[in-house]
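Fold and geometry: a report
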Amino acid sequence: MNTALIIETKRHNSFTSPHNKRAPVSKRVGRERCHSYTDSPKSSSKLLAPPKMSFRVVRSSKFRHVYGQALKREQCYDNIRVSKSSWDSTFCAVNPKFLAIIVESAGGGAFIVLPHNKVGRIPADHPLVGGHKGPVLDIAWCPHNDNVIASGSEDCVVKVWQIPDGGISRTLTEPVVDLVYHQRRVGLVLWHPTAQNVLLTAGSDNQIAIWNVGTGEVLLSLDCHPDLIYSACWNWNGSKLLTTCRDKKIRIIDPRKGEVEAEAIAHEGSKASRAIFLKHGLVFTTGFSRMSERQYSLRTPDGLGEPIVTVEIDTSNGVMFPLYDPDTNLIYLCGKGDSVIRYFEVTPEPPFVHYINTFQTPDPQRGIGMMPKRGCDVATCEIAKFYRLNNSGLCQVVSMTVPRKSELFQEDLYPDTLSDEASLTAEEWLAGEDAEPCTMSLKERAVVVQGGYVSGRAQQLTVNKRSNALATGREKEKDKERDKDRSPTPAQRRDDSQAGTPASATPPPAPALSAIEKQLSDLVDEIRKLKSVIVKQENRIRALEAAAKAAVLAPPAEPEPQPETQPQPHHNHGSPAPDAMAPDEV
């Protein structure tokens, strides 16, 4: 190959130089071979060096060809009055059963809850969930109960609601429990990923409260932020907390100790920033530079002040919300006011955050919600589903799909994902225990109903407020009876099953059994008596009917002849007859 290149070079020189005469091919080749031996090493290395070729290696990834597709308008939700609040929130929350959207309402705050099958144009008088006295700022579905949702409002109150299966038929104004602690508006509600009934709330009073919704009391309160809290995020097992603040710092906090383990400046811009924990412990942030350019960064918990990667995206005013899928390590960036959704893949190889593609729409988005993985349609290789809120009142459904030809279940796309079971109780987590989240296999347990997994059990949230020291003896006895009647938590059921005696299989005491048997025998006797009475009444009714029928069919009876009366003999004696009347009597 090198000899051919040299020949072509000499041939080119012979054409360009008029004084050089071309020699026969055999002589040229031999002469060039001689020159190759007699030239200096430096010149020969230049002649024999292979040409440099520049090429780009395509990164191997199964998510390189992920594409987004918006559903038809008939399959979306229209005529929704999305909230016009200027608060930086997504205004939308989704789970496999319901879609919740914060809407405009007069005389307080409200949000609408729709089952996924109620698509199309929503009536203007559709029932709302409206018990707040001020506009609703944030909503969040409970990850361990698809019928429970929490809402924070400007009226400084957090309310927890129970939504029945199938949605609400009338406006709901009575919550399960009211959580009153903050002195100013509550703009952030966040459920714990592993502990049951543990809810985090943050308000404009720079306070963070961690609640036990089952009892309605504050477990922990954190006062380590000097200014407004923008966002909060739990790590994978719920042992650490990551927050962003108006003072431009991100903080990693141990919530049970109330200590700040690490803090650093995230982005130099003064606008709002967001931060999330990735599955393996890394920290991903979005914010603004000093020149108001939107950017994202990737950091390690040990080096928050030195980001691994910092990339500037564009210049815009909208806050970017990072939506993370831990199963695929994909991050979707959705900006408020943008008409695009950018998605990236996080890998261990540089540059660590790889840009994949952008989904574009003509309408800007006002809010967005992401469906959990157990609500995605595995039959079409759907790995994510978004609900975009437009200013026109349309909630557009966007499906992110990996193109595959096979119709079989793709195990590489769907590893075990988060389930709706809690790993710990609130008391266990508060005592210092940590546990990995419960996972499930979409292949074994998923039921594709209207494009997603639907939980087969409807749980009822029970709130048992603890009695205070001033309660009377009768009230304490009622509380004890209520505690006995309360159903066990999934963690307690798991502990009982590990101990070999499940809570549901625990036999009642012998006196209770005897009382139940006596009640059953009494009921059987009463039923027998009722049956005998019914039989007697039926026989009586049949006899009366037969008599009435016979009376109707029988001929009329002839009247009996009356006997003639004999004339009374006249008494000719001087005394009148007994029945005779005197002449002067009337």
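Here is what the cut-offs are and how they apply
Residues numbered from 1 in each chain as written. Predicted model: local features only at pLDDT ≥ 70, side-chain atom pairs only at ≥ 80, totals over all residues. Heavy atoms only, no water. UniProt positions renumbered as here; feature names shortened; annotations may be inferred. Salt bridge = Lys/Arg side-chain N within 4 Å of Asp/Glu carboxyl O. Helix = DSSP H or I, 4+ residues; strand = E, 2+ residues; numbered from the N terminus. Buried < 20%, exposed > 50% of the residue type's maximum accessible area, 1.4 Å probe, protein only. Pairing = 2+ DSSP bridges. Phe/Tyr/Trp six-rings, centres within 6.5 Å; stacked < 30°, edge-to-face > 60°. Patch = residues over 30% accessible without salt bridge, like charges linked within 9 Å, V, L, I, M, F, W, Y side chains within 5 Å. Areas by Shrake-Rupley, 256 points an atom, 1.4 Å probe, with all protein chains shown as cover. Axes fitted to C-alpha atoms, helices over the stretch in contact; angles between N-to-C directions. Core = buried A, V, L, I, M, F, W, Y, C linked by side-chain atoms within 4.5 Å. Contact = heavy atoms within 4.5 Å. Polar contact = N/O pair within 3.5 Å; in protein donor to acceptor, adjacent residues only side chain to side chain. pLDDT = per-residue confidence, 0-100.

As annotated in an unreviewed UniProt entry, the chain carries the name Coronin and comes from Parnassius apollo. Taken from UniProt, the Sequence similarities (unreviewed entry) comment for the chain reads in full: "Belongs to the WD repeat coronin family."

Some remarks on the pattern of salt bridges
Counted according to the given criterion, the structure contains 22 salt bridges. Between Arg 294 and Asp 314 there is a salt bridge, and its shortest N-O distance comes to 2.9 Å. Placement of Arg 294 in strand β22 (residues 293-299) and of Asp 314 in strand β23 (residues 309-315) is noted, with a sequence separation of 20 residues between them. The exposure class of Arg 294 is buried, given its relative accessible area of 1%. In this structure, Lys 373 and Asp 327 form a salt bridge, with 3.5 Å as the shortest nitrogen-oxygen distance. Taken as a pair, Lys 373 in the loop between β28 (365-370) and β29 (382-390) and Asp 327 in the loop between β24 (320-325) and β25 (330-335) lie far apart in primary sequence, 46 residues in all. Judged by relative accessible area, which is 9%, Lys 373 ranks as buried. Among the residues examined, Asp 327 registers a relative accessible area of 16% and is labelled buried.

Structural notes on the pairing of strand β12 (residues 186-191)
Here β12 lies mainly inside the structure; 5 of its 6 residues are buried. Bridging between β12 and strand β13 (residues 198-203) involves 5 bridges; their strand directions are antiparallel. Paired with Leu 188 across the strands is Ala 202, a residue of β13. In this antiparallel pair of consecutive strands, β12 and β13, the connection spans 6 residues, and Asn 197 shows a positive phi of 65°.

Brief notes about the packing of aromatic side chains
The tally for this structure, following the rule as stated, stands at 11 aromatic pairs. Ring geometry for Phe 284 against Tyr 296: centres 5.6 Å apart, planes inclined by 25°, an arrangement best described as stacked. Of this pair, Phe 284 sits in strand β21 (residues 283-288) while Tyr 296 sits in strand β22, placing them 12 residues apart in sequence. Residue class for Phe 284 comes out buried when judged on its relative accessible area of 0%. Overall, the relative accessible area of 4% leaves Tyr 296 in the buried class. Considering the side-chain rings of Phe 344 and Tyr 355, the 5.7 Å spacing of their centres and the 65° angle between planes classify their relative orientation as edge-to-face. Of this pair, Phe 344 sits in strand β26 (residues 340-346) while Tyr 355 sits in strand β27 (residues 353-360), and the two are 11 residues apart along the sequence. Phe 344 gets classed as buried once you look at its relative accessible area, which sits at 4%. Classification of Tyr 355 by relative accessible area gives partly exposed; the value is 48%.

Describing a nonpolar patch on the surface
A surface patch of nonpolar side chains, about 290 Å² in accessible area, is lined by Ile 516, Leu 520 and Leu 523. In this structure, Leu 520 sits in helix α8 (residues 510-553).

Comments concerning the UniProt feature "coiled-coil region" (unreviewed entry) in the chain
Summarizing the sequence annotation, UniProt attributes the feature "coiled-coil region" (unreviewed entry) to residues 513-547 in the numbering used throughout. For residues 513-547, the end-to-end C-alpha separation is 52 Å, with 100% helix and 0% strand making up the annotated structure.

Things to note about unusual backbone geometry
Residue Pro 350 is joined to Pro 351 through a cis peptide bond whose omega torsion reads 0°. By secondary structure assignment, the location of Pro 351 is in the loop between β26 and β27. Phi at Lys 248 is positive, roughly 70°, even though this residue is not glycine. With respect to the helices and strands, Lys 248 occurs in the loop between β17 (241-245) and β18 (249-254). Residue classification places Lys 248 among the partly exposed residues on the basis of a relative accessible area of 32%.

Examining the sheet that holds β12
Judged by pairing direction, the sheet is antiparallel, and its 4 strands sit side by side in the order β12-β13-β14-β15 without closing on themselves. Pairing within the sheet leaves two strands with one partner each, and these edge strands are β12 and β15 (217-222). Looking at each pair of strands side by side, their axes are set apart by 25° on average, direction ignored. As paired strands, β13 and strand β14 (residues 208-212) are joined by 5 bridges and run antiparallel to one another. Bridge pairing in β14 links Val 198 to Asn 212.

Things to note about the nonpolar core
Ile 80, Ile 101, Phe 111, Ile 163 and Tyr 387 are the most contacted members of the largest nonpolar core, which has 35 residues in total. Every element with two or more residues in this core is listed here: β3 (92-94), β4 (98-103), β5 (109-115), β8 (136-141), β29 and β30 (395-401).

Concerning the environment of Asn 235
Within the secondary structure layout, Asn 235 lies in the loop between β16 (229-234) and β17. Residue classification places Asn 235 among the buried positions, given a relative accessible area of 16%. For Asn 235 and Ile 252, which are 17 residues apart along the polypeptide, the C-alpha to C-alpha distance reads 9.8 Å. In this structure Asn 235 touches Pro 193, Lys 240 and Phe 277, once residues within four positions along its chain are discounted. Reaching out from Asn 235, the side chain makes a polar contact with the side chain of Asn 237 at a distance of 3.2 Å.

Quick notes on the confidence of the model for the chain
Summing up the model confidence of the chain, the mean pLDDT is 81 and the portion of residues at 70 or higher is 73%. Note on residues 446-453: pLDDT is under 50 here. Beyond four places in sequence and across chains, it has 24 contacts. Note that residues 496-507 has pLDDT below 50 and, in this model, 5 contacts with residues that lie over four places away or in other chains.

A closer look at the sheet that holds β27
Spatial strand order, β24-β25-β26-β27: 4 strands in an open sheet with antiparallel pairing. Each edge of the open sheet carries a strand with a single partner, namely β24 and β27. Strand-to-strand, the axes of this sheet are offset by a mean angle of 25°, without reference to chain direction. Here 7 bridges tie β26 to β27, and the two strands are oriented antiparallel to one another.

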